[in-house]
Amino acid sequence: MIRAGVVGASGLAGGDLIRLLTQHPEFELTFLGGSSHVGRRPAELHPNLRQDLGLAVEAVTEDVADRVDVLFLATPAPVSADLAALLADRVPALVDLSGAFRIRTPELHERWYPKVQRRPDLAERFVYGVPELVRDRLPDAALISLPGCYATALTLGLAPLTLGLGLDLTTVVVDGKSGSSGGGLQLRATDLHALRNGAIAPYAPTGHRHAAEVGDFLTREAAGKAGSVGSLSMSAYGVSHVRGLLTSTYAFPAEPVDQRALHRAYLRFYKGQPFVRVRRHTETLIPVPDPQAVLGSNYCDVSVLHDPDADRIVVLAALDNLVKGAAGQAVQAANLRFGLPEETGLTMQPVMPA
């Protein structure tokens, strides 16, 4: 068995990691870490978790390296930066779910994460862990930085255009909508039920750090190759769902495209990728992608359409922000890191209605 630990065990992503790891046939949960809930058991923190694991939350010290083969950090970015500095060369595999190491370019990181002080050498060593695009790098990765939830949807939506077709996209504009769980368990007045229920709240109308990390990653991946993204901007909205997000991406290509070629390119790019479902948006009773059609699963549903009147490409991507956008993708990356089939422990189908 592969020994696994979760730091940030009391949070939403930490709870989903516990849920997935306790059902995994190859991972054994051997450590739960945290700071504000030391001594408490998972069932006390997460009402959906009843199984007695014989574990309680502990403070994190460097000795945790003797108890785990892989350590998942479901912690705020400043905490992850400190823990990575402490444990990077002690734990065989460290998977960080925060934004501490997502943006490699120092100036861009400073702009979007000004309060996160990290070791520059560690930033260069982290693999940006979107499994569908970097699977060949994960088996040897000691340090893995998980993309943000929005960033996962954006990257999977744009990659077939830039890395697959080699298109130059002069302008990319993104509209993102996410449920309240994307903000974690911090107590904020704007997240109170009386204010959040039924709302469509433009909390980041002029930019979002997940868009910055996507631009940073795609620029590195496309270096010296065909395919590029010129201007990439994003507006983000909070909606009254709890789980799930949808990104609507409007890309303006430098050269002509057509609907059939686009759809075929996406099918070809994601052939054999178990967790990306390329869909025609009219194929079901309700238009898809729709976040409610992926809830509880590790799937990302993607549709691509061509708008001939505006000569633009419309890419829709939906996922469960706590699974494919966080805990599920973390387990998927860890599976590849330890030589397991990537779908191991992640074959649950979506729950609908939810």
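Notes on the structure follow. (Residues numbered from 1 in each chain as written. Predicted model: local features only at pLDDT ≥ 70, side-chain atom pairs only at ≥ 80, totals over all residues. Heavy atoms only, no water.)

### Digging into the packing of aromatic side chains
For any pair of aromatic rings, geometry is given as the distance between the ring centres together with the angle between the planes.
And step 1. Enumeration according to the criterion identifies 5 aromatic pairs in this entry.
And step 2. Relative to Phe338, the ring of Phe27 lies with its centre 6.3 Å away and its plane at 85°, an arrangement referred to as edge-to-face. With a gap of 311 residues between them, Phe27 in strand β2 (residues 27-33) and Phe338 in the segment after α11 (323-337) connect regions that are remote in the sequence.
And step 3. Under the relative-accessibility criterion, Phe338 is labelled partly exposed at 23%.
And step 4. With 5.0 Å between their ring centres and 80° between their planes, Phe269 and Tyr270 make a pair best called edge-to-face.
And step 5. Judged by its relative accessible area of 23%, Phe269 falls in the partly exposed class. (Phe/Tyr/Trp six-rings, centres within 6.5 Å; stacked < 30°, edge-to-face > 60°. Helix = DSSP H or I, 4+ residues; strand = E, 2+ residues; numbered from the N terminus. Buried < 20%, exposed > 50% of the residue type's maximum accessible area, 1.4 Å probe, protein only.)

### Description of the pattern of salt bridges
And step 1. Taken as a whole and assessed by the stated rule, the structure comprises 21 salt bridges.
And step 2. Among the ionic pairs, Arg102 bridges to Glu213, the shortest N-O distance being 3.8 Å. Placement of the pair is Arg102 in the loop between β4 (93-96) and α4 (106-112) and Glu213 in helix α9 (residues 209-221), with a sequence separation of 111 residues.
And step 3. Classification of Glu213 as buried rests on a relative accessible area of 0%.
And step 4. Notably, a salt bridge pairs Asp136 with Arg137, separated by 3.9 Å at the nearest N-O pair.
And step 5. The class of Asp136 is exposed, set by a relative accessible area of 58%.
And step 6. According to the relative accessible area criterion, Arg137 is partly exposed, its value standing at 36%.
And step 7. In the salt-bridge network here, residues are joined through shared partners; they are Asp16, Arg19, Arg243 and Asp320. (Salt bridge = Lys/Arg side-chain N within 4 Å of Asp/Glu carboxyl O.)

### So, the sheet that holds strand β10 (residues 245-253)
And step 1. Reading across from one edge, β8-β9-β7-β10-β13-β12-β11 is the order of the 7 strands in this open sheet, with mixed pairing throughout. On the outer flanks of this sheet lie β8 (200-204) and β11 (276-278), each paired with one strand and no other. Geometrically, the sheet is characterised by an average inter-axis angle of 25° between neighbouring strands, direction not taken into account.
And step 2. Pairing of strand β7 (residues 168-178) with strand β9 (residues 228-239), which is carried by 10 bridges, proceeds in the parallel orientation. Across the sheet, the residue bridging to Asp175 is Ser235, located in β9. (Pairing = 2+ DSSP bridges. Axes fitted to C-alpha atoms, helices over the stretch in contact; angles between N-to-C directions.)

### Some thoughts on the packing of helix α7 (residues 149-164) against α9
And step 1. For the pair α7 and α9, interaxial distance at closest approach is 9 Å and the crossing angle is 35°. Considering how the two elements wind past one another, α7 and α9 form a crossing that is right-handed. Listed contacts from α9 to Cys149, Tyr150, Ala151, Leu154, Thr155, Leu158, Thr162 and Leu163 of α7 are His210, Ala211, Glu213, Val214, Phe217, Leu218 and Glu221. (Left-handed = near helix turned anticlockwise from the far one by under 90°. Contact = heavy atoms within 4.5 Å.)

### Some points on unusual backbone geometry
And step 1. Cis geometry is found at the peptide bond from Val288 to Pro289, where omega equals 5°.
And step 2. Looking at the secondary structure, you find Pro289 in the loop between β11 and β12 (300-307).
And step 3. With omega at 0°, the peptide bond leading from Met352 into Pro353 counts as cis.
And step 4. Here Pro353 shows up in the segment after α11.
And step 5. Of note in this structure, Asp311 is not a glycine but carries a positive phi near 50°.

### Regarding the environment of Arg40
And step 1. Secondary-structure assignment places Arg40 in the loop between β2 and α2 (42-45).
And step 2. Since its relative accessible area comes to 33%, Arg40 is described here as partly exposed.
And step 3. Between the C-alpha atoms of Arg40 and Asp191, which are 151 residues apart in sequence, the distance is 26 Å.
And step 4. Sequence-distant contacts of Arg40, that is, excluding residues within four places in its chain, are made with Leu45, Ala56 and Val57.

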